[in-house]
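Residues per chain, in single letters:
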Amino acid sequence: MHTTDMISSADFDFVIDGQPATLEDIFPGMKPHDRVGIVVRESGGGIGASALIMAAMAKVYDFYRPKLGNTPGKLRIYPEFYVFHVGQRHMDHYWMDIWPPHKEVEVIDDPEQILEAINDRAITRLLVPDTPPVTAVTLYEAIREDQINPSAATFLQETVSSAEQRILSAVAYSSTGRTRRADVLIRSCLAAEQVVIASINSSESLTTEQREQLCAKRDALMEGGRAAETYRRIPFDEAIRMLTTSTLASGVTLRYIALM
């Protein structure tokens, strides 16, 4: 539990549409058992959402803080936060308390398979990269492979329905920390930024050049000694069309469709 003694939810400032706000305005009704998931599609991309991740992490710890500790009789717990690495592992996030390692989920670049992985972890708050939404098609019954639209993301209706009934909030973020048409601004704290830099420097999947580029991106976000990131709240139907820019159905998804 790297961050429990370093960071609290009071260390973050929130602004929505230019007005002071709280985490509750981004994740309404957040509870200790909420499950946060972030979809990552590029090396180190998830750090562009680190302020929101760390603020939400601190909020979950706040629910348990009097009980937390690493001694007998104390509660050793990590929030149910998951990183969905599309295509390959893009960075390690254990310094940001994404732990144990099974919470760093690698998933093939297929819209249906990404959403299935999100459902399997019962995610309630979803963060997706800020890219133009693709067209989506949901299937209620089997169709032939040659009937599948290659330019549209294909989902099983039951996969979409499961996610829609459970996901309470969806937010678009940018790997740069600056999201288009943002309505949310979050100012982080120095301790949180130290954890982010530690994550970058400890990630074996990153090259030296990538680490330097990512640290430079973080420097560009600093305002008065604090990283300032922007986000955009989005509806569920838009979020699932932003899971990936790929519209190709994998062999796994094609087999599911044939079995419907």
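From a predicted model like this one, the values you see are computed outputs, not experimental measurements.

J.: How should I be thinking about the overall build of the protein in this particular structure?
T.: Summing up its helical and strand segments, the protein has 8 helices and 12 strands in all. Whereas a compact globule of 260 residues would reach a radius of gyration of roughly 18 Å, the protein reaches 18 Å, a difference of no more than 12%. Based on the C-alpha atoms only, the size of the protein along its principal axes is roughly 55 × 40 × 40 Å. Pairs at least 24 residues apart make up 78% of the contacts formed inside the protein by residues separated by at least 6 positions. Entry remark: accessible area of the protein is about 11,500 Å², with carbon and sulfur atoms responsible for 52%. Between the averaged position of the 26 positive side-chain charges in the protein and that of its 35 negative side-chain charges there is a distance of 4 Å.

J.: Can you walk me through the pattern of salt bridges in this structure?
T.: Here the structure, examined in full by the defined rule, presents 16 salt bridges. Between E223 and R178 there is a salt bridge whose closest N-O contact spans 3.3 Å. Separated by 45 residues along the polypeptide, E223 in strand β11 (residues 222–223) and R178 in the loop between β9 (169–173) and β10 (184–187) bring together distant segments of the chain. Where D183 meets R233, a salt bridge forms, and the shortest distance between an N and an O atom there is 3.0 Å. Taken together, the positions of D183 in the loop between β9 and β10 and R233 in strand β12 (residues 226–233) put the pair 50 residues apart, joining distant regions of the chain. A single salt-bridge network, built from bridges that share partners, covers R89, D92, E104 and E106.

J.: Could you clarify how one ought to interpret the environment of A55 in this entry?
T.: With respect to the helices, strands and loops of the structure, A55 is situated in helix α2 (residues 50–64). Looking at A55, the relative accessible area reads 1%, which means it is buried. With 132 residues separating them along the chain, A55 and R187 place their C-alpha atoms 9.7 Å apart. Those residues in contact with A55 that sit more than four places away from it in its chain are S9, F12, F14 and L23.

J.: Got a minute to help me understand the packing of helix α3 (residues 111–120) against helix α8 (residues 251–259) in this structure?
T.: Any two packed helices are characterised by how steeply their axes cross, that is the angle between the axes, and by the distance between the axes. Across the interface, α3 lies against α8 with an axial gap of 8 Å and an inter-helix angle of 85°. For the element pair α3 / α8, the angle class is roughly perpendicular. Residues E112, Q113 and E116 of α3 form the contact with α8, whose own contacting residues are V252, T253 and Y256. A breakdown of the residues in the contact of α3 with α8 according to their chemical character gives 2 nonpolar, 2 polar and 2 charged.

J.: Would you explain the packing of aromatic side chains in this entry?
T.: Aromatic ring pairs are defined here through the distance separating the ring centres and the angle between the ring planes. According to the stated counting rule, one finds 1 aromatic pair in the structure shown. Centre to centre, the rings of Y94 and W99 are 6.3 Å apart; their planes meet at 70°, and the pair counts as edge-to-face. Residue class for Y94 comes out partly exposed when judged on its relative accessible area of 29%. The class for W99 is partly exposed, based on a relative accessible area of 34%. We note K103 situated over the ring of Y82; from NZ or CZ to the ring centre the distance is 5.9 Å.

J.: Help me understand the pairing of strand β8 (residues 153–156), please; the structure alone is not making it clear to me.
T.: Residues in a regular strand point their side chains to alternate faces of the sheet. Alternating residues of β8 divide into A153 and F155 and T154 and L156, and every residue in both groups is buried. In this sheet, β8 lies alongside strand β7 (residues 136–139) in parallel orientation, the contact comprising 4 bridges. When the sheet's bridge partners are listed, L139 is paired in β8 with L156.

J.: Would you explain helix α4 (residues 157–166) in this entry?
T.: Working note: α-helix, 3.6 residues per turn, so residues spaced by three or four point in the same direction. Of the positions making up α4, those classed as buried are Q157, T159, V160, A163 and R166. Residues of α4 that are buried in the fold lie against α3, β7, β8 and α7 (236–240).

J.: What am I meant to see in the side chain of E104 here?
T.: Structurally, E104 can be placed in strand β5 (residues 104–107). The exposure class of E104 is buried, given its relative accessible area of 6%. When residues no more than four places from it in sequence are discounted, the contact partners of E104 are V83, H85, R89, M91, D92, H93, Y94 and I98.

J.: Could you clarify how one ought to interpret the nonpolar core in this entry?
T.: Counting 40 residues, the largest nonpolar core has F12 and L127 as the members making the most contacts within it. Those elements that place two or more of their residues in this core are β1 (13–16), α1 (23–26), β3 (36–40), α2, β4 (81–86), β9, β10 and α5 (190–202). Top element by residues in this core is α2. It accounts for 11 residues. Filtering out sequence-adjacent residues up to four positions away, L127 remains in contact with F27, V36, G37, I38, V39, A49, L52, I53, V171 and Y173.

Definitions and limits used
Residues numbered from 1 in each chain as written. Predicted model: local features only at pLDDT ≥ 70, side-chain atom pairs only at ≥ 80, totals over all residues. Heavy atoms only, no water. Helix = DSSP H or I, 4+ residues; strand = E, 2+ residues; numbered from the N terminus. Rg over C-alpha atoms; globule rule 2.2 N^0.38 Å. Contact = heavy atoms within 4.5 Å. Areas by Shrake-Rupley, 256 points an atom, 1.4 Å probe, with all protein chains shown as cover. Lys, Arg positive; Asp, Glu negative; His and termini not counted. Charge placed at Lys NZ, Arg CZ, Asp CG, Glu CD. Salt bridge = Lys/Arg side-chain N within 4 Å of Asp/Glu carboxyl O. Buried < 20%, exposed > 50% of the residue type's maximum accessible area, 1.4 Å probe, protein only. Axes fitted to C-alpha atoms, helices over the stretch in contact; angles between N-to-C directions. Parallel < 35°, antiparallel > 145°, perpendicular 65-115°, else oblique. Nonpolar A, V, L, I, M, F, W, Y, C, P; charged D, E, K, R; others polar. Phe/Tyr/Trp six-rings, centres within 6.5 Å; stacked < 30°, edge-to-face > 60°. Lys NZ or Arg CZ within 6 Å of the ring centre and 35° of its normal. Pairing = 2+ DSSP bridges. Core = buried A, V, L, I, M, F, W, Y, C linked by side-chain atoms within 4.5 Å.

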